[in-house]
Every structure is written in structure tokens, then in C-alpha cells.
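Examination of the molecular architecture
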Amino acid sequence: MTPARTSSRRQAPTAPQTSWREAVPQPLVLASGSDEYILQRIRETLRDTIRAERGSCEVTDIAAGDYEPGQLAVVTSPSLFDDPKLVCVQELAGMNEHLLADALAYVANPDPDVTVLWQHSGGNRGKKLLDALKEKALVLDCAPPKSDRDKSSFVLGEFRAQNKRIEPDAARALAAAVGTSTAELAAACAQLIADGPVTVDLELVEKYYGGRVEVTAFRVADAAVAGNAEQALKLWRQAVDVGVDPVPMVATLGSKMRLIALTAGSRGGAGQIARDVGAAPWQVERAQNEARRFTAQDVTRALQAIAEADAQVKGASRSPYFAVERAITVIATSGHR
């Protein structure tokens with residue numbers, strides 16, 4: 001009997017993936033996954049940690065598809081003032097051959113004083129480089145939370161990171177109410193963390209977000225910013241009917257208009273502006289598009305209306321819901337359609 005053949009083919013290394021929350025500066029960090037919001041959080045964590053440890057951080061972006069030969073060596077070489085560096089190589093899935101060659105050489109002998117973040121959304125492009133990175137880099141899982149369990153875990157992690165607690169049933173309810181966007185889920189967590197008690201329970205989540213699986217503060221804000229007053233007010237009234245509290249609504253309006261104010265007229269790419277204002281690139285691109293509808297006076301007027309509504313929903317008025325309606329109307333009727 002002929003013995004069974006054993007494959008002599010070398011198996012690709014399987015690197016254990018660490019949660020993106022465990023991002024720490026290392027010479028090589030591989031962010032594996034497609035969630036733009038999580039990728040932005042990793043980048044911010046690495047930058048802020050380097051700044052805290054070493055006083056400053058020079059951040060450089062490299063677009064993998066537009067890479068020029070020798071670019072990696074230039075941006076990782078010591079600067080005049082020897083500033084610590086974070087180099088972000090974006091969209092490895094679309095890398096060109098020049099980057100592949102230079103990256104393989106760099107990964108074999110990385111600079112120990114530079115942190116290089118390699119972002120790969122998926123696919124097999126540059127498999128040899130990915131295999132080399134998986135052998136030597138800190139590999140962070142950046143897959144978007146898809147299942148209810150994943151989203152609940154994300155919520156629990158957001159609270160844990162701020163030394164606060166949310167009860168498991170409250171976390172599940174919040175994840176179900178807010179929707180599928182990681183950024184929106186994080187914003188909802190941030191609101192409860194900022195305004196809520198040390199432990200958030202189901203009753204508080206239902207007060208803020210109950211019945212909002214279909215109608216969210218983000219949809220109301222989107223309609224208002226787009227200039228659709230009728231739709232925005234209709235959505236808001238539907239939210240009120242199911243018990244939505246006005247406080248998170250005003251917070252969402254404020255967050256959206258402040259980002260529009262920060263990005264309006266800004267020069268440079270979305271990535272650079274995102275670093276400056278502390279947002280994700282996709283949020284900046286969206287805000288830039290939305291800002292085209294407004295003049296500087298429109299934005300000022302809208303922010304004033306939001307500030308007034310914020311004071312009124314927090315106790316300065318007996319008609320907080322009307323205050324929110326007025327802010328929505330001011331935003332929606334400012335600017336041009």
C-alpha cells in the first residue's frame with residue numbers, strides 16, 4: 001500500500017490577532033480589517049501614546065497605491081530635531097510593486113525608534129509582505145462589529161476604557177437601538193459616558209434611546225443638515241412619540257454642526273484634516289460636502305441655536321422638546337438647498 005502523501009508546502013504563518021484596544025507603539029503594527037472608525041482610533045491611540053511618552057510625534061501618511069520608490073526610507077529616517085515618528089501606510093490591499101519591494105526590505109530590518117502602522121482591509125495582494133508582517137508585527141483586529149454580540153462587546157469595551165460600567169442588558173439594548181455604524185455606536189456610548197452615572201442601566205438606555213431602532217438622532221441631524229426641515233421634524237416627532245430624550249438629540253446636532261464648522265474652508269486632504277480635528281476621514285469628507293450648503297453666518301446661527309437648546313433641555317426651559325424643534329428648524333432653513 002502506498003503511504004499517504006504529506007504536503008511539504010509551507011503553511012502561511014498564523015498570527016494571533018489582538019483587540020484594537022490594545023494598540024501600543026511598536027516598530028511594526030498591522031491593522032487588519034476594514035472598519036474606518038476603528039482604524040482611526042488605532043492611529044489616534046498610537047499618536048497620543050507616543051506624544052505622552054516622548055513629548056511629540058511626527059505623523060506621516062503613505063498611500064500604498066501611489067507610493068514612490070524610496071519613500072519609506074525617507075519618511076522613517078531621523079529628522080533634524082530627532083522627533084519620534086508614526087508612519088501610516090494606508091490601503092495595503094491596493095499597494096504597488098514599488099511599495100512591496102521597499103516594504104519587504106524594511107520589515108526585515110525595521111527602525112526600532114519609528115512606529116509604522118500598516119493598514120490592510122483584506123484580500124491577498126502582497127501576501128508575501130503580509131506573511132512577513134504577521135511574523136514580526138503586533139497584529140490588531142479591525143473587523144467591524146457585525147453581530148449583536150460583537151456590538152454589545154464594543155459597547156462594554158467603550159465603557160470599560162473610561163472606567164465606567166454599563167449593565168449587559170443595557171449594552172445589548174443600546175447596540176440594537178443605534179444601528180450598524182461603529183462611529184454612531186461610539187458616539188452614543190460617549191454621550192452616556194459623559195452624561196450618565198458611573199453605572200448605566202437599562203432604564204437609562206431606554207429613556208435615551210428606547211424605540212429608536214428605526215429613528216435615530218443621526219437621521220434627524222442628517223435631514224436637518226441637508227435642509228429638509230419637514231423630514232427632520234417628522235423624524236424628531238416620531239422619536240419623541242417613542243420616548244426619546246432631547247439631551248442626546250441636541251448633543252448629536254451639536255457634534256455634527258461643530259464638525260462642519262471645523263472643516264468648512266479647510267485646506268488639505270481628509271486624512272490631514274481628520275488628524276487636526278479628531279475625526280475619521282470619512283466623517284470629514286461628509287462634513288465638507290455638507291458645509292457647502294452653509295455660509296459662515298449660517299453656521300454661527302445654527303451653533304447659537306444649538307447652544308440655546310442645550311441650555312433649555314438641561315433645565316432652563318419648561319418646553320425642552322420645543323427647544324429642540326427650534327434648533328432643528330434653524331439648521332434646516334439656514335443656507336441653500
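So, how was this worked out
- Residues numbered from 1 in each chain as written.
- Predicted model: local features only at pLDDT ≥ 70, side-chain atom pairs only at ≥ 80, totals over all residues.
- Heavy atoms only, no water.
- Helix = DSSP H or I, 4+ residues; strand = E, 2+ residues; numbered from the N terminus.
- Buried < 20%, exposed > 50% of the residue type's maximum accessible area, 1.4 Å probe, protein only.
- Areas by Shrake-Rupley, 256 points an atom, 1.4 Å probe, with all protein chains shown as cover.
- Lys, Arg positive; Asp, Glu negative; His and termini not counted.
- Charge placed at Lys NZ, Arg CZ, Asp CG, Glu CD.
- Salt bridge = Lys/Arg side-chain N within 4 Å of Asp/Glu carboxyl O.
- Pairing = 2+ DSSP bridges.
- Contact = heavy atoms within 4.5 Å.
- Axes fitted to C-alpha atoms, helices over the stretch in contact; angles between N-to-C directions.
- Right-handed = clockwise from strand over helix to strand, strands pointing away.
- Disulfide = S-S within 2.5 Å.
- Left-handed = near helix turned anticlockwise from the far one by under 90°.
- Nonpolar A, V, L, I, M, F, W, Y, C, P; charged D, E, K, R; others polar.
- Domains from an automatic or database assignment.
- Buried area = accessible area lost by both parts, 1.4 Å probe.
- Core = buried A, V, L, I, M, F, W, Y, C linked by side-chain atoms within 4.5 Å.

1. What to know about the overall build of the protein
Per the secondary structure count, the protein includes 15 helices and 8 strands. If you line up the protein on its principal axes, its C-alpha atoms span 80 × 60 × 35 Å. Across the 337 residues that make up the protein, the buried fraction comes to 46%. Of the roughly 17,200 Å² of accessible surface on the protein, a fraction of 49% belongs to carbon and sulfur atoms. Each charge sign in the protein was given a centre, from 39 positive and 42 negative side chains, and these centres are 2 Å apart.

2. Some thoughts on the pattern of salt bridges
Following the criterion strictly, the structure yields 12 salt bridges and no others. Between Glu158 and Arg21 there is a salt bridge; the shortest N-O distance is 2.8 Å. Of this pair, Glu158 sits in helix H5 (residues 148–161) while Arg21 sits in the loop between strand S1 (18–19) and strand S2 (28–32), placing them 137 residues apart in sequence. Glu325 is the partner of Arg237 in a salt bridge, and the nearest nitrogen-oxygen pair spans 3.0 Å. Taken together, the positions of Arg237 in helix H10 (residues 229–241) and Glu325 in helix H15 (residues 320–333) put the pair 88 residues apart, joining distant regions of the chain. Linked through salt bridges whose partners overlap, the residues forming this network are Asp222, Lys256, Arg286 and Glu290.

3. Observations concerning the sheet that holds strand S3 (residues 58–63)
Ordered by their spatial adjacency, 6 strands build an open sheet running S1-S6-S2-S5-S4-S3, and the pairing between neighbours is parallel. If you trace the sheet from one side to the other, it starts and ends with S1 and S3, each paired once. Of the pairings in the sheet, the one linking S2 to strand S6 (residues 138–141) comprises 4 bridges and is parallel in character. If you follow Ala31 over to S6, its bridge partner there is Leu140. Sheet strands touched by helix H1 (residues 36–54): S2, S3, strand S4 (85–90), strand S5 (114–120) and S6. Its angle to S4, the strand with the most contacts, is close to 165°. On top of the sheet, helix H4 (residues 127–136) reaches S2, S5 and S6; it is set at about 115° to S2, its chief contact.

4. Remarks on the pairing of S4
The element S4 is largely enclosed, with a buried count of 5 among its 6 residues. In this view, the connection linking S3 to its parallel neighbour S4 by way of helix H2 (residues 71–76) has right-handed handedness. Once you follow S4 into helix H3 (residues 97–108) and on to S5, the crossover reads as right-handed.

5. A short note on the state of the cysteines
Scanning all chains against the criterion turns up 0 disulfides. Sulfur of Cys142: no disulfide; nearest cysteine sulfur belongs to Cys88 and is 12 Å away. Judged by relative accessible area, Cys142 falls into the buried class, the value being 0%. The thiol of Cys189 is unpaired, and the distance to the nearest cysteine sulfur, on Cys142, comes to 18 Å.

6. Observations concerning the packing of H5 against helix H6 (residues 168–178)
A pair of packed helices is captured by two measures, namely the crossing angle of their axes and the spacing between those axes. In the contact formed by H5 and H6, the axes pass within 8 Å of each other and the chain directions differ by 115°. Judged by the sense of rotation from one axis to the other, the crossing of H5 with H6 is right-handed. Taking contact as the criterion, the partners of Lys151, Ser152, Val155 and Leu156 in H5 are, on H6, Ala171, Arg172, Leu174 and Ala175. Within the contact of H5 with H6, the residues separate by chemical class into 5 nonpolar, 1 polar and 2 charged.

7. Brief notes about the domain arrangement of the protein
The assigned domain composition of the protein is domain 1 (18–141), domain 2 (148–210) and domain 3 (213–334). Computed from C-alpha atoms alone, the centre-to-centre distance between domain 1 and domain 3 is 35 Å. With 8 residues of domain 1 in contact, the opposing surface of domain 3 contributes 7 residues. Here domain 1 meets domain 3 over a buried area of about 580 Å², counting both sides, of which 49% is carbon and sulfur.

8. Looking at the nonpolar core
Ile42 and Leu174 are the most contacted members of the largest nonpolar core, which totals 78 residues. The residues contacting Leu174, other than those within four sequence positions of it, are Val155, Ile166, Leu185, Ala188, Cys189, Leu192, Val205 and Tyr209. Val87, Val89, Met95 and Ala137 belong to the second-largest nonpolar core, a separate cluster that totals 24 residues.

9. Details of helix H9 (residues 217–225)
A large share of H9 lies buried, amounting to 7 of its 9 residues. Those residues of H9 lying buried are Ala217, Phe218, Val220, Ala221, Ala223, Ala224 and Val225. Buried residues in H9 make contact with helix H7 (182–195), H10, helix H11 (246–263), helix H13 (281–291) and H15. Following H9 by one or two positions, Gly227 has its phi on the positive side, about 90°.

10. A short note on helix H12 (residues 270–277)
Residues of H12 that are buried include every one of Ala270, Ile273, Ala274 and Arg275, and no others. At its buried positions, H12 is contacted by H1, S3, H11 and H13. Positioned one or two residues after H12, Gly278 has a phi angle of 75°, which is positive.

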